[in-house]
Structures are given as structure tokens and as C-alpha cells.
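The primary structure of each chain is shown beneath.
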Amino acid sequence: MAASADPSQRDGSALDAGFVRAVLALPTKPDTTVRFFERGDYYTVHGEDAALAAKELFRTREVIRILGTGAQKLESVSLSKMNFESFLRDLLLVRQYRVEVYKNKAGSKSTKENEWRLAYKGSPGNLAQFEDILFGNHDMSSSVGVVGIKLFQADGQKVVGVGFVDSLERKLEVCEFPDNDQFSNLEALLVQIGPKECVLPVGETAGDMGKLRQVVQRGGIMITDRKKSEFSTKDTVQDFNRLLRTKKKQQISSAALPEMDKHVAISSLSAVIKYLELLNDESNFGQFELGTFDLSQYMTLDHAAVKALNLFQNSSENALGTQSLVGLLNKCKTPQGQRLVNQWIKQPLMDKNRIEERNEHGMEFICSCLYCIRYVTQARGRGVVMPFPSHYVRLKYRRRLLESLQAV
């Protein structure tokens, strides 16, 4: 259904030529970035962004107005707060676009001042500044992560250093490994961790880095270029001391951690931390855990195998959940359970003992459900009234879950 146009659309005279000049003076942006301008109780988009909003949100070009006169003209579309949130959700979570929100330096309700500053920005892997809008009414069922990759040559061999940040699970992970000309190990790693965005050094697009970029793009992962100076181990010990979680009354320097020996991977992780601006928010301090991702403990899958096997709902033009493996197996009711099912499918275990351990955990859950169902059945047969009705409701839910597990 097309969104309704903002009933409070303003007269074009309120947006004078000064605003048009201010918008046109902003730096050039890629087509996959959409700029919003906060105008008090509504938002506006302009130029190509206005055309995109008219086509995808309103389904009509009648909402487009022309601002300015002469050579300085600009298409404009006004968005109510509800339409802004709907469009923002579609851009970040579905289309995998970047978003920028600008505010007036003189105040959001000012129409005289035309100096605009970048107030918020987001991307598929960096949703921190829009969490309240995107997930205010529901939790994330999939992980949101950003990976940084740096390529290093050592003794004639390619060494790939990877740093991964999952802001939802509060995890920092590093992995460093040799790779071949096709970057097979890197492709397998990207499948296993499932990042939404990849940070790479700017300007490196030829030779091996060109092939590396192709591997990343094959997985549908957005690439963000950052300065080469950000891929550095400088001040990483100090940064990790702030971000890492430690036990109470325990002072441990991150310099002693075994992960610090992986210099290429640590430099990639440092670039991701800078990109996400984790150190700018004190609420991140003492919240993360640092670990090493073991590439060899899982079965190797590449992007072609994932699509051929139809593992996930977004693979091989799959629209219906039942047409993918995760859609058939995922009967979880909580976001945490859904993320775990996705993780198990992306990371097939290789170790026999760990496979058996995982099966034992599943059987223990099933047996617990059977015990609860038997207890309720016997209690009802004796005419015993359950002391907590809410507990009985939960047991009914577990029974339905058990039936779904048996069906699978």
C-alpha cells in the first residue's frame, strides 16, 4: 500500500533559494546514500532522493515539489514522522542503503538560517543511532555486524587479517589466516559470520585487493572505504582496556591477551571500532568481549553453495520462508533463538564431540518439555488446580513447540 502524503506539506516559499544553495553545496554522495533534512515535525528529501521517495514510498510523483527558481532548482518531497520511519526502515534493513540526517544549526524550526550539520548517520552494519526507530517495537532476529579486512604479504604469501564487531551481541572477534588467489578462506569466513558491512582501506582496488572486493560483493555485503591510517594498531591497547568487559575487581591489560599477537587482524578491528565510533559512547565501556574466530572448526561454505542449497530466505531469489532451510527449521519464538538457528546453519560443526554435545542439549530440552507436559496431564487427571495459571500457559506453549520440533 502506498504511503499517504504528508498532510502538513509546507508552501514552497518557506524554503527559499538559500536552502537550495545549501543543499546543492553539500559534498557529492553515492546513489546508495539518502539524505534527510529534519524540519521540526517533518522531514524532507531532495533531488534523486526525492524521486526515490516518491516512487517507493508514495507510489506517485504528485508529491514532488520544485524549490527555487532559474538554474538553481531542486525537487523536494516532505515526509511525516511516520513516513520517515517507514522509509528509513526500508532503506537500512531491506535495500542496504546508507542514511544521513541533517539538522539546522540554528534550530530545527528555523527557516531563516541555512547552515546544516550532519546529526545522524547509519548503514546496514551501523544502526546504533537509529535503534529506537528501527527496533523500538521488536527485537532483532538476525545479527548486525561490521567486518574490517586488511591484506598483508608475508614471505610471498597472502595473509588476511579480519576484525569483526557485533554491536548487538557485544562481541569483538579477530581472525588471521593465509589464503589463496581466489580468497577461498575469506569467502568461507564471510559466510560463517554473516556481516552486513565491510570496511576496506580506501584506494586499494587493483590486483589482489580488486579480487578481494569481488569476493565481498558476491556476498551482498556493503563496502565502506576508510582511510588507510585507521588500519593501525596504534592506541589499540588503550581502546580495548576501555571497551572490554572484565571480572569485578580485576585489572587486566589487553596487551597480555593472545589476540594482540594477530597484528593484521587487530589493525582491521581497530578500523571497525573507529568507523562505528564505539569510543565516543561511554555506555560501550566495559561491555564487549574479545575472542578469536577459529575458521577450521566449521564446514567450509562459499556464497555459491549457500545459494545452491537455499539455506537462507534471501538466497536464490527466495521470497517465502518455507522455500529455504532456515525457514523450515526456524520455529523459534524469540529473536535470540532465531539468531541461534541462523548461526548453527551458517556454522556447521566439524568436531564429532561438539556435534554430539549440541544434540544432547537439544534432547535435554525436549525431555524437559515432555516432563512438564506429563506433570500437567497427571495434575489435571487428579483434579489438581495449577497454582499459577501463567505457568500453565507457558507449558502449553512448550507443547506446541515440541510438536513443531517433532514435525521437523
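Scoring rules and cut-offs
- Residues numbered from 1 in each chain as written.
- Predicted model: local features only at pLDDT ≥ 70, side-chain atom pairs only at ≥ 80, totals over all residues.
- Heavy atoms only, no water.
- Helix = DSSP H or I, 4+ residues; strand = E, 2+ residues; numbered from the N terminus.
- Buried < 20%, exposed > 50% of the residue type's maximum accessible area, 1.4 Å probe, protein only.
- Areas by Shrake-Rupley, 256 points an atom, 1.4 Å probe, with all protein chains shown as cover.
- Expected span 1.5 Å × (residues − 1).
- Phe/Tyr/Trp six-rings, centres within 6.5 Å; stacked < 30°, edge-to-face > 60°.
- pLDDT = per-residue confidence, 0-100.
- Contact = heavy atoms within 4.5 Å.
- Pairing = 2+ DSSP bridges.
- Axes fitted to C-alpha atoms, helices over the stretch in contact; angles between N-to-C directions.
- Parallel < 35°, antiparallel > 145°, perpendicular 65-115°, else oblique.
- Left-handed = near helix turned anticlockwise from the far one by under 90°.
- Nonpolar A, V, L, I, M, F, W, Y, C, P; charged D, E, K, R; others polar.
- Salt bridge = Lys/Arg side-chain N within 4 Å of Asp/Glu carboxyl O.

Visitor: Run through the overall build of the protein chain, naming residues and quoting values.
Guide: Scanning the protein chain from terminus to terminus reveals 13 helices and 12 strands. Across the 408 residues in the protein chain, those meeting the buried criterion constitute 42%. Counting every atom, the protein chain has about 22,600 Å² of accessible surface; 50% of that belongs to carbon and sulfur.

Visitor: Can you break down helix α8 (residues 263–276) residue by residue, with the values?
Guide: The end-to-end C-alpha separation of α8 is 20 Å, in line with the 20 Å expected for 14 residues at 1.5 Å each. Most of α8 is tucked away, with 12 of its 14 residues classed as buried. By the burial criterion, the buried members of α8 are Val264, Ala265, Ile266, Ser267, Ser268, Leu269, Ser270, Ala271, Val272, Ile273, Tyr275 and Leu276.

Visitor: Talk me through the packing of aromatic side chains; I want residue IDs and the actual numbers.
Guide: For the structure shown, the criterion picks out nine aromatic pairs. The interplanar angle of 70 degrees and the centroid separation of 5.5 Å between the aromatic rings of phenylalanine 19 and tryptophan 116 together place this pair among those described as edge-to-face. Remark: tryptophan 116 occurs in strand β6 (residues 116–122) and phenylalanine 19 occurs in helix α1 (residues 17–24); sequence separation between them is 97 residues. The pair formed by phenylalanine 19 and tryptophan 116 is uniform in burial state, with each residue classed as buried. Taking 3.9 Å as the distance between ring centres and 10 degrees as the angle between the ring planes, the aromatic pair formed by tyrosine 43 and phenylalanine 84 counts as stacked. Separated by 41 residues along the polypeptide, tyrosine 43 in strand β2 (residues 42–46) and phenylalanine 84 in helix α3 (residues 81–94) bring together distant segments of the chain.

Visitor: I'd like a rundown of the environment of asparagine 241, residues and numbers included.
Guide: You can see asparagine 241 is positioned in helix α7 (residues 236–243). Judged by relative accessible area, which is 39%, asparagine 241 ranks as partly exposed. Taking the C-alpha atoms as reference, asparagine 241 lies 8.0 Å from glycine 286; in sequence the two are 45 residues apart.

Visitor: Help me get a handle on the confidence of the model for the protein chain, residues and values and all.
Guide: Atom-level detail of predicted coordinates should not be read off regions where pLDDT is low. Predicted confidence across the protein chain gives a mean pLDDT of 81, with 77% of residues reaching 70 or more. The low-confidence segment residues 6–15 (pLDDT under 50) makes 19 contacts with residues lying over four places distant or belonging to another chain. Within the model, the stretch residues 315–320 combines pLDDT values under 50 with 11 contacts to residues more than four positions away or in other chains.

Visitor: Before we move on, could you go through the environment of phenylalanine 152 and cite the residues and values that matter?
Guide: Positionally, phenylalanine 152 belongs in strand β7 (residues 145–154). Classification of phenylalanine 152 as partly exposed rests on a relative accessible area of 40%. Spatially, the C-alpha atoms of phenylalanine 152 and valine 264 are 7.3 Å apart, while their sequence positions differ by 112 residues.

Visitor: Pulling in residues and values, what's your account of the sheet that holds strand β11 (residues 222–226)?
Guide: Read from one edge of the open sheet, six strands run β11-β10-β7-β8-β9-β12, paired in mixed fashion. Each edge of the open sheet is held by one strand with a lone partner, namely β11 and β12 (289–292). Strand after strand, the sheet turns through a mean of 25 degrees between neighbouring axes, direction not considered. Of the strand pairs in this sheet, β7 and strand β8 (residues 157–166) are connected by 10 bridges, and their pairing is antiparallel. Bridge pairing in β8 links glutamine 153 to lysine 158. The strands touched by helix α5 (residues 184–193) are β7, β8 and β9 (171–179); relative to β9, the strand with the most contacts, the crossing angle is about 160 degrees.

Visitor: How would you summarise the packing of α7 against α8 if you had to cite specific residues and measurements?
Guide: Between α7 and α8, the least distance of the axes is 11 Å, while the angle of their chain directions is 60 degrees. In terms of their interaxial angle, α7 and α8 are classed as oblique. Between α7 and α8 lies a crossing of left-handed hand. Touching Thr236, Phe240 and Leu243 of α7 are Ile266, Leu269, Ser270 and Ile273, all from α8. For the contact of α7 with α8, the residue count by class is five nonpolar, two polar and no charged.

Visitor: Which residues make up the pattern of salt bridges, and what are the values?
Guide: Summed over all chains, the structure comprises 14 salt bridges. Between aspartate 49 and lysine 29 there is a salt bridge, and its shortest N-O distance comes to 3.0 Å. Here the residue aspartate 49 occupies a position in helix α2 (residues 48–58), and lysine 29 occupies one in the loop between α1 and β1 (33–38), the gap between them amounting to 20 residues. Lysine 121 is the salt-bridge partner of glutamate 277, the closest N and O atoms lying 4.0 Å from each other. With glutamate 277 in the loop between α8 and β12 and lysine 121 in strand β6, this pair connects stretches of sequence that are 156 residues apart. On the basis of relative accessibility, which here comes to 36%, the residue glutamate 277 falls in the partly exposed class. Here the salt bridges share partners, and the residues they tie into one network are Glu56, Asp90 and Arg95.

Visitor: Can you lay out the sheet that holds β1 for me, pointing to particular residues and giving the numbers?
Guide: In spatial order, the strands read β3-β4-β2-β1-β5-β6; together these six strands make up an open sheet with mixed pairing. The open sheet has two free edges, formed respectively by β3 (65–69) and β6, since each of these has just one partner strand. Between one strand axis and the next, the sheet turns by 35 degrees as a mean value, whatever way the strands run. Packed onto the sheet, α2 meets β1, β2 and β4 (72–80) and runs at close to 35 degrees relative to β4. Its contacts with the sheet put α3 on β1, β2, β4, β5 (98–104) and β6, and the angle it makes with β4 is roughly 100 degrees.

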